[in-house]
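Observations on chain architecture
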Amino acid sequence: MSETNQRGLIVAVASTKGGVGKSTLAINLAAEFARLNYKVLLIDADKQRTSAKWFDRRQESISCGESWPHVSCIEKQGHIRQTVIEQAGHYDLVIVDPAGRDSREIRSAFGAADLIYIPTQVSQVDLETLDEVVAVLEDTYELNPDRRVKILVTQAPITPGANELKETKEFVNEYKDEMELSGVVIRSRKIYRTSPRNGSGVVECADSKAKAEIQLLAQEILQNA
Ligand SMILES: Nc1ncnc2c1ncn2[C@@H]1O[C@H](COP(=O)(O)OP(=O)(O)O)[C@@H](O)[C@H]1O
Ligand SMILES: [Mg+2]
């Protein structure tokens, strides 16, 4: 993709469902890519402003002496596709965090992203909502046929069940021409809830397991770039 060579990678962390961990992943990926010295922009496209509020707290902590690497953040709503693509001309990586519902923002993100991560939990109810996301993906396919889509299991129990990923794998297999299962599983860990309070990412905290998960995810993204 010649267009991609002249601009940074656009990653959308999106779902039509709220509370699945989209913003948690977006902010943690931003912190990890910044740690790896990439110039990274977080685009908060959700009125709830979870990512933008995290960014404000991060700036506050940095101004009080924390030596975390710089992350940029803007807020944008509505038809954001053009903005996302333009901004990618100024950054190595752009991470888009749209609201958890079918919206202009999620459709724009699906139309702009090189790589789309769809976080899901492993319960049947969450898997059912994936049908809704698939419909939105199909609607936006023509805008952006080269994108890659990955389903990412998040907030999984610390102790894996024997058949933990079975239903998710079966679901993804039904759509294997359009999406694949991420090789990373994000577990439910307290540090994902507590670290955003001061604007840090888990990679800037002591929990080595959470840090390893986010680092693996960042590596997967770079490998798919
Ligand atoms: N891996 C995780 N482990 C523990 N708690 C998590 C994890 N991911 C998200 N959470 C918590 O779940 C809630 C919803 O996460 P959030 O990222 O805001 O979801 P979304 O952006 O999809 O609405 C928040 O309280 C967040 O701290
Ligand atoms: Mg959110």
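Notes on the structure in this doc start here. Remember, it's a predicted structure, so these values are computed and weren't measured experimentally.

1. Notes on the overall build of the protein
Across its full length, the protein carries 9 helices and 7 strands. For 225 residues, the compact-globule formula gives about 17 Å, and the C-alpha radius of gyration of the protein, at 16 Å, lands near that figure. With the principal axes as the frame, the protein shows a C-alpha extent of 50 × 40 × 30 Å. When contacts within the protein are restricted to residue pairs at least 6 apart in sequence, those whose partners lie at least 24 apart make up 77%. Working note: accessible area of the protein is about 10,400 Å², and carbon and sulfur atoms make up 45% of it. Of the side chains in the protein, 28 bear a positive and 33 a negative charge, and the two mean positions are spaced by 5 Å.

2. Describing helix 5 (residues 104-112)
Counting buried residues in helix 5 gives 7 out of 9 residues, a clear majority hidden from the surface. Taken together, the buried positions of helix 5 are Glu105, Ile106, Ser108, Ala109, Phe110, Gly111 and Ala112.

3. Some details on the site of ligand 1
Around ligand 1 sit 14 residues, and of these Gly19, Lys22, Ser23, Thr24 and Arg187 come closest. At 3.0 Å from an oxygen atom of ligand 1 is found a main-chain nitrogen or oxygen belonging to Gly21. Those elements that place two or more of their residues in the shell around ligand 1 are helix 2 (22-35), strand 7 (180-187) and helix 8 (190-194). Among the elements that make up the shell around ligand 1, the one with the highest residue count is helix 2 (3 residues). The residue makeup of the shell around ligand 1, split by class, is 3 nonpolar, 7 polar and 4 charged.

Calculation criteria
Residues numbered from 1 in each chain as written. Chains lettered and ligands numbered in written order. Predicted model: local features only at pLDDT ≥ 70, side-chain atom pairs only at ≥ 80, totals over all residues. Heavy atoms only, no water. Helix = DSSP H or I, 4+ residues; strand = E, 2+ residues; numbered from the N terminus. Rg over C-alpha atoms; globule rule 2.2 N^0.38 Å. Contact = heavy atoms within 4.5 Å. Areas by Shrake-Rupley, 256 points an atom, 1.4 Å probe, with all protein chains shown as cover. Lys, Arg positive; Asp, Glu negative; His and termini not counted. Charge placed at Lys NZ, Arg CZ, Asp CG, Glu CD. Buried < 20%, exposed > 50% of the residue type's maximum accessible area, 1.4 Å probe, protein only. Near = heavy atom within 4 Å. Polar contact = N/O pair within 3.5 Å; in protein donor to acceptor, adjacent residues only side chain to side chain. Nonpolar A, V, L, I, M, F, W, Y, C, P; charged D, E, K, R; others polar.

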